[in-house]
Each structure stands twice: as C-alpha cells, then as structure tokens.
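Chain residues, written in single-letter form:
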Amino acid sequence: MAADVKAPPLRTLPIAPDLAPGAMAGSKPYVATDKMQQALGFPGELGEGWQERALGKMGELLGKYRSLKVYLDSCVHCGACSDKCHYFLGTGDPINMPVARQDLMRSVYRRHFTLAGKVFPKLVGARDLTKEVLDQWYSYYNQCSECRRCSVFCPYGIDTAEITMAGKEIMDAAGLGQKYTNEIIGKVHRIGNNLGLPGPALADTLEGLEEDVKEETGADVRFPLDEKGAEVLLVTPSADFFAEPHVDSLIGYAKVFHAAGIRWTLSSRASEAGNFGLFIGNYDQLQKIALRIREAALELGVKRIVVGECGHAWRVAYSMWNTLAGIGAGGTDPFARQLQSQLDLRYKQPTHICELTWDLIQRGALTLDKEANDHRVVTFHDSCNVARASRMGDTPGGQFEIPRAIIRAVANKYVEMAPGTTHEQTFCCGGGGGLLTDELLDLRVKGALPRMEALREVADGQSVNFMATICAICKAQFTKVLPYYGFKMSMVGGVHQLVSTAIRLGAKH
Amino acid sequence: MTAATVVFALLFYFATAVLAIGVGWRVYDYARTPAPLKIPTTPAPVTRGGVALRMLREIVFFESLFKGNLWTWAAGWMFHFGLLLVLLRHLRYFTQPVWGFVVLVQPFGIYAGFLMVAGLAGLWLRRVAVPRVRYISTPSDHLMLALLIAIAASGLVMKFVSHTDIVSVKAFFLGLMYFDWQPLPGGAPLYLHLSLVALLMLVFPFSKLLHAPGIFFSPTRNQVDDPREHRHVAPWAAGLDSGP
C-alpha cells in the first residue's frame, strides 16, 4: 500500500459530500510518449497548431456522433446527476460531478461552435480552448471511468461517457495522449494482448494450467490454443491467463467446456477480449482491435464466439462487434455475410460465458456441488459496462439475472448489497475507463468508496466474505483497493471461480 | 394602427420565424448526424414499440429524473405540466372557432399558471440553496428562470389584477395569422408579457431549451437493444469495413 494514499472515511449517511473545489485538480495520469502516440497514428506531442487540431477534431466528431451534438446542447443544469458519480462521492471535487465534467467541453463547444457563445460568452459560460482548459480536460477526463451511472438519472439520457470519450479523442488528436491506455493499445497490435504476453509464453502458461487442474481434479481438462475446427472460440481478457484471481475463472470456463463436452479454443491472434479503443473513443482503434477477433474466427473456422468475464469487453462485444466486425447476425452486406454464414446462428453471437454456463446448468448438463462453496458468503458486484451497456439472455435485465442465477446454482449463501448500489444503479469499481494505473491510485481508492460502503454493510451485517464480479478490471482494481478499506484482497473473485469450486468433473458428459 | 401594433406585429413575425427556422435547423442537424454505435442505456427495450413506450414515459413522466432526484422531479414536472396546460389554454387566441378540448382545459389552465410559478420557484430555490446545483448554475440558468417566471407572472396579473381586452388580443393574433392586421390593445402587463414571450421564442434555438427536441434524438434512450440481431452501421463507417 502506498503510504500517501488513504481511503476516505465511510459515510454514516449516504449523502453527497461537501464541495471541495480543486481537491483533485492535481490528479493526472502519465502522458503517452511520442512513440506510443505515433504508433496509433496520433501526433507525438502538443506543439505547434494543437488548438486547431483539437477544434478540428471536435468539429469532425460533432458531425459524426449525434450523441455528442445532442448532449452538448441539451443539458439544463438540473443537477440530477450531480451526486451520482463515484469519483465525486469519493473526492468531493465539484468538477467530478458529471454535469461539471461535461461543462468542461460544453464551455468550449459554446465558444467555438454556437452563436450564443460567440456573442455572449460570459452569459452562457463559454471559454476558449486554452492550454489551461486543455490541462483541466486532461485531469478531469481522466477521472471518469465511463461507467454511465449518470446517464441512468439524466432526464435526457446524457451519457458523460460519450463526452469523456470525445474529450480523449480530441486530446489524442491534439497530441496529448494518456500513457496507460495508449501504450496498451500499442501492445494489442504488436503482440496480441493488453499484457504483452507473446504466443509461446501463452502456450506455456496454458500447459501449466492443464497440469494444475489435472493435479487438483484428476481430470484431463484442456486449455487449447489455436486449434482449427474447434466449435467455440473463447475470447477473454488476458489477465485471465495469469493474474489472481482472474485465472481461477479461466479454469472455471475450461471445466465448464470440459464437463459439457464442447470443443473450444483460445487464439493467440485474439488473445485479448479487452478493447481499450473504447476508452479513448476512437472508432478506428475500436474497429482495428475488434477485427482481430473476426480474423481469428475466420482462420480457426469456429461456429461460436464466446466472451470471458470482462466488463467493457462485453460491452464492445455485445453492442459493437456486429457493427465493427460483423460478428453477430442480421448482416446483409458481403463483409458481414462472410463470417455470419460460418457462425451457427442458433446461438447468440457473440455469447457471454455466463449465458453459456447458465444454459448448460438449466439443461442439467453440469454436476454441481453447492456445498463446496459453503465457506463463502457471496455477494455480486454488477460491473458498470455489463449492467448499463449490454445485455445477456433474451430479456432486458438478463445481465443482472443470469450471473446471479449461476451464483445461486453453485453456492448456498448469497446476499444482495443495498438497493441503489447494484443492478442498473451499480457503482463502478473505481478503476474502469483506462484509469487502472498506479499513478492514479489515490483517485482509484477514493472512487471505490461507494462500493466499499455497500460491501462493508453486508460484510458486517451478513458476514459476506466473497464479492463475485465478471470483469477483469473490477477484479484487478478491487484486489488493489480492498486492503485500503480493511478488507482482504482475496475477497474478490469471478463468478466462474465459484463455478470452478462447485463443478464436479467426470460424472456427466 | 398604433406604433405598438406595428412593433409587436413585426416582433412576432420575426420571433416566429427565428423559432421555426432555428429549431427546424437543429432538428434537421440532429436527424442527419448519425449515431454510429449502439449505446442505449440498458436495460433497454428490445423492440421499437418498447422504445416508443420508454420515450413516452420519459417525456410524459420524466422517468429518469424521478430516479435521480425527487425534489427536482416534482418541481420540474409541476412546471412543465403547468406550462402544457397554459399553452393549451392559449390556443384559444389562435383558433376561431375554439377547438373543443381547448374549451375543456380553460378552467384548469388558470390554475396551471400558479402551478408553473410554483414549479419554477422550486427549481430556482434548488439552484440557490443546494451547493452542488449552485455550483453548476450559469447566469443564463438564472435568467431563464427569471424570464419564465416573469412571463407567468405578467400573464397572471392580466387575469387577476388588471384585466386586458382579450377579445382584441385575439383579433390581433388572428390578424397576424391571416395577414390582416388588427390593433393591439394597450397596457403595460400585456406589452411586458408579449415582449418576454417573443424573447423566449428568440432564445429558444440558441439555448438549453433545445433539450425539448434533443430528448427525441438521445441515442441512450431511443435506440433498440438488438445489436446481436441487427447489424447497425452508420453511413460514414460503412466504408471502413476492411476485413479479409
């Protein structure tokens, strides 16, 4: 634990904090180097003409994204969102109120793109895009995890994530990129995954896992890589390959496939479900990263594409893969048809691993020993992108019901956290949106406050000792911040970690 | 024909043109700008009919605001509902004979004026008293509330304090519509009321009042949650498909 980072005290009443202007003005992630920038086709640094580039990009985005245009126009400053952001609740910095975060861009929009702001700048709060304003953007657009909680409460559905993404896209175009995110995007292109794990190392890791599981269960559970002719291509966050507790869920997926007799494979080309192109709002990057999955699917000839436990990856997969890479159904153009005629459209494409597992459980295809999880009292943390930007199953809200149904099927003791902190109103873990980097630890610890309060309540009141979640970022973030709030870091884990504990292999096939 | 008649006649032609062309342009601009990605705030309806219902709940009941803040919802809804009744009541100045339902809402329209003022007062109180909302308020936010309250108050003054010759007012507006100008009666409250309404019409297309058409174009609310079943591609993005 870093000495200078401290968790804020838990609130006794869940009310908004007093305003603390400027409290987080100094919070800034490291800036991307010129090499990292240029690898993605962005200018290497701010330098000459940055303002024209920024405003030019902003004009371009206003013409390309209805959301940006409508949302910059529509806000009435009603304040419904003002106490909804976990970063505001944790820091008290008023610019972390979603409306104020949007206004950082709205003020520039008004000044440069609207009549009112050109004629009466003071009256409508319009500002030129100066270096000071840009620095403020860099600080506060890197204090938004794009979790969309504010958009649930906005009477016009204004989604601050859309504004933040545009802000990052504009800054990248100006030459001011964020190191953590842009470096990782570079790694995906160069090596194939966010962690920079090369193919041979991945093969080694998977072999090791096969031995571990053999030792633990006696079953020959396979972790196949690049196997042509497999039915299922599993695309999962690369953290699943070795990070704790992520790897326990990977073992869980493998056991499920094994028990159900489904032939599956991972791909070294698409060894990453995460798509950080989303975080920087860049359509080109989003698409380039998504196309790797398409290429892997075509190359391996799979019939189904299944996505592992990862929040923003599931958002991109569920909501955007069909658009970006033709992974889905209903495409009539040749590009989409090429893949969609290969996929088995009796299944949802793509499928979430939880959808697959729940379907197997319902059909009685898995043997589960719930008592194996009796040492755990489980609660479920809804991950923001799954909750508010995707779905599972056939009906709205399936993204809440299916993971919970799996947990109830594999564990006896399950407890909900307080209403207003779960389902569509769930709180972000505090590390999403490309903020999962050490230099932002103070922000991350503070941003976790609302979730930690809800967890404290059920931990003290109902002896909860395990918080399940289906997101690699949530798992990494909680592992890091739980100790600041006096919890054990092993308290967080995946839903398929619970499945892994309960599943009995060899009985049914 | 008094000078006031000419001034207000021209003012209302101008204000109407600005409102219609200004909002028309914004709506056209929103409509032609694509939403390239599926971004409904989920859980979202999976059918078009479901989306229509979601929009209806949003526009009639302010569903999201209800989840967000009860006080703001109550004041905001009071104001907007009052405004709706008042606007319906005012249709009698523009139709001859007066439409049946407009006759029906007349008595409610009177009290709706008070409802409007109460709602606006509540919204303003919140803007001043809640530090978070005070922090985000710009001068234009306060002026907009002042403008709306002044419009409502001057209207109520004409109803309850100093009566205006509304028969002539109606003749004036029908005259404007049929390009057969009729004299506008005098009176400070009337002049004030009409000037402020014209001002509201003039600022509408350039201000946050664009939230009214904006909500219909909000992708987080108006998109169907069916990305796996239907391929959704914006025209500018269609050319980017570069797959093998």
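What you are looking at is a predicted structure, and each value in this text was computed from that prediction instead of being measured. (Residues numbered from 1 in each chain as written. Chains lettered and ligands numbered in written order. Predicted model: local features only at pLDDT ≥ 70, side-chain atom pairs only at ≥ 80, totals over all residues. Heavy atoms only, no water.)

Caption draft 1: Main features of the overall build of chain B. Per the secondary structure count, chain B includes 12 helices and zero strands. Starting at the N terminus and ending at the C terminus, chain B contains elements arranged as α-α-α-α-α-α-α-α-α-α-α-α. Projecting the C-alpha coordinates of chain B onto the three principal axes gives extents of approximately 75 × 45 × 40 Å. In chain B, buried positions account for 48% of the 244 residues. (Helix = DSSP H or I, 4+ residues; strand = E, 2+ residues; numbered from the N terminus. Buried < 20%, exposed > 50% of the residue type's maximum accessible area, 1.4 Å probe, protein only.)

Caption draft 2: Expanded view of the side chain of Gln477 of chain A. With respect to the helices and strands, Gln477 of chain A occurs in helix 21 (residues 472-481). Those residues in contact with Gln477 of chain A that lie beyond four places of it in its chain are Cys429, Gly430, Gly431, Leu436, Arg444 and Ala448 of chain A. (Contact = heavy atoms within 4.5 Å.)

Caption draft 3: Quick look at the environment of Gly68 of chain B. Looking at the secondary structure, you find Gly68 of chain B in helix 3 (residues 63-68). Gly68 of chain B sits in the buried class, given a relative accessible area of 11%. Residues Gly68 of chain B and Val117 of chain B, spaced 49 residues apart in sequence, show a C-alpha to C-alpha distance of 22 Å. With sequence-adjacent residues up to four places away left out, Gly68 of chain B is seen in contact with Ala80, Lys84 and Phe153 of chain A.

Caption draft 4: Structural detail: the domain arrangement of chain A. All names here are of chain A. Domain annotation of chain A identifies domain 1 (34-177), domain 2 (191-358) and domain 3 (365-504). The interface is formed by 10 residues belonging to domain 1 together with eight residues belonging to domain 2. With both chains or domains summed, domain 1 and domain 2 bury close to 800 Å², and 43% of this area falls on carbon and sulfur atoms. Considering only the surface of domain 1 that becomes buried against domain 2, Tyr65, Met165 and Glu169 emerge as the three largest contributors, covering 43% of it. (Domains from an automatic or database assignment. Buried area = accessible area lost by both parts, 1.4 Å probe.)

Caption draft 5: Looking closely at helix 5 (residues 98-113) of chain A. For helix 5 of chain A, spanning 16 residues, the distance from its first C-alpha to its last is 21 Å, which sits close to the expected 22 Å at 1.5 Å a residue. Across the 16 residues that make up helix 5 of chain A, a large majority, 13, are buried. (Expected span 1.5 Å × (residues − 1).)

Caption draft 6: Inspection of unusual backbone geometry at higher detail. With an omega of 0°, the peptide bond running from Thr42 of chain B to Pro43 of chain B counts as cis. Cis geometry marks the peptide bond from Gln96 of chain B to Pro97 of chain B; its omega dihedral reads -5°. In this fold, Pro97 of chain B is placed in the loop between helix 4 (70-90) and helix 5 (100-129). For His77 of chain A, which is not glycine, the phi dihedral falls at a positive 60°. Mapped onto the elements of the fold, His77 of chain A is located in the loop between helix 3 (66-74) and helix 4 (86-91). Among the residues examined, His77 of chain A registers a relative accessible area of 7% and is labelled buried. Even without a glycine there, the phi angle at Ser463 of chain A is positive, about 60°. Relative to the elements of secondary structure, Ser463 of chain A occurs in the loop between helix 20 (449-462) and strand 7 (466-469). Residue classification places Ser463 of chain A among the partly exposed positions, given a relative accessible area of 49%.

Caption draft 7: Summary view of the interface of chain B and chain A. Contacts between the two partners involve 64 residues from chain B and, on the opposite side, 90 residues from chain A. Across the chain B/chain A interface, buried area totals approximately 6,000 Å², and carbon plus sulfur atoms make up 57% of it. Considering only the side of chain B, the residues that lose the most area to chain A are Arg132, Arg228 and Arg231 of chain B, jointly responsible for 16% of the buried surface there. On the surface where chain B and chain A come into contact, there are seven salt bridges. Asp83 of chain A serves as the salt-bridge partner of Arg132 of chain B, at 3.6 Å between the closest nitrogen and oxygen. Summed over the shared surface of chain B and chain A, the result is 44 residue pairs in polar contact (both at pLDDT 80 or more). Every element with two or more residues in the side of chain B that touches chain A is listed here: helix 1 (3-32), helix 3, helix 5, helix 6 (131-136), helix 7 (139-160), helix 10 (211-214), helix 11 (219-222) and helix 12 (235-238) of chain B. (Salt bridge = Lys/Arg side-chain N within 4 Å of Asp/Glu carboxyl O. Polar contact = N/O pair within 3.5 Å; in protein donor to acceptor, adjacent residues only side chain to side chain.)

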